[in-house]
Amino acid sequence: GMELVPTIGRIVHYHAADSPTGGPMAAIITRVRENGDITLTVFADSTEPGIRRSFSETPAPGRWTWPPRA
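Residues numbered from 1 in each chain as written. Predicted model: local features only at pLDDT ≥ 70, side-chain atom pairs only at ≥ 80, totals over all residues. Heavy atoms only, no water.

Trainee: Just give me the short version of the overall build of the protein chain, but keep the residues and values in it.
Mentor: Check the secondary structure of the protein chain and you find zero helices and five strands. Each helix and strand of the protein chain, ordered N terminal to C terminal, gives the series β-β-β-β-β. When burial is assessed residue by residue, the protein chain has 24% of its 70 residues classed as buried. Partitioning the intrachain contacts of the protein chain with sequence separation of at least 6 by distance along the chain shows that 35% fall at a separation of at least 24. When the accessible area of the protein chain is evaluated, it comes to approximately 4900 Å², of which 52% is carbon and sulfur surface. (Helix = DSSP H or I, 4+ residues; strand = E, 2+ residues; numbered from the N terminus. Buried < 20%, exposed > 50% of the residue type's maximum accessible area, 1.4 Å probe, protein only. Contact = heavy atoms within 4.5 Å. Areas by Shrake-Rupley, 256 points an atom, 1.4 Å probe, with all protein chains shown as cover.)

Have a look at this one:
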């Protein structure tokens, strides 16, 4: 399949280690740095916005993933 490239404005899923629901939370990519790090704003009451997070192919605590295709 096509490789997805992080770009500003894309919606991703963030998987918090301490998620109150245990499921993914919506996040938006707000910055892509030259070294490949990204900044996410996570839409949840319990997390600070604008924290750089690491990508994971499969859901893992403290990582983000692309949403599954509907």
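The structure having been displayed, the exposition proceeds.
Trainee: Residues and numbers for the environment of Phe-43, please.
Mentor: The residue Phe-43 is located in the loop between β3 (38–42) and β4 (51–55) in this model. Under the relative-accessibility criterion, Phe-43 is labelled exposed at 55%.

Trainee: For the pairing of strand β1 (residues 11–15), give the residues involved together with the corresponding values.
Mentor: Pairing analysis gives four bridges linking β1 to strand β2 (residues 25–32), with the strands arranged antiparallel. Residue pairing across strands places Ile-11 opposite Ile-28, the latter belonging to β2. Pairing of β1 with strand β5 (residues 63–65), which is carried by three bridges, proceeds in the antiparallel orientation. Bridging from a neighbouring strand, Tyr-14 pairs with Trp-64 of β5. (Pairing = 2+ DSSP bridges.)

Trainee: Break down the side chain of Ser-56 for me, citing the residues and quoting the values.
Mentor: With respect to the helices and strands, Ser-56 occurs in the loop between β4 and β5. Note on Ser-56: relative accessible area 15%, which makes it buried. Within polar-contact distance, the side chain of Ser-56 engages the backbone oxygen of Thr-58 at 2.5 Å. Setting aside chain neighbours within four positions, we find Ser-56 in contact with Arg-63, Trp-64 and Thr-65. (Polar contact = N/O pair within 3.5 Å; in protein donor to acceptor, adjacent residues only side chain to side chain.)

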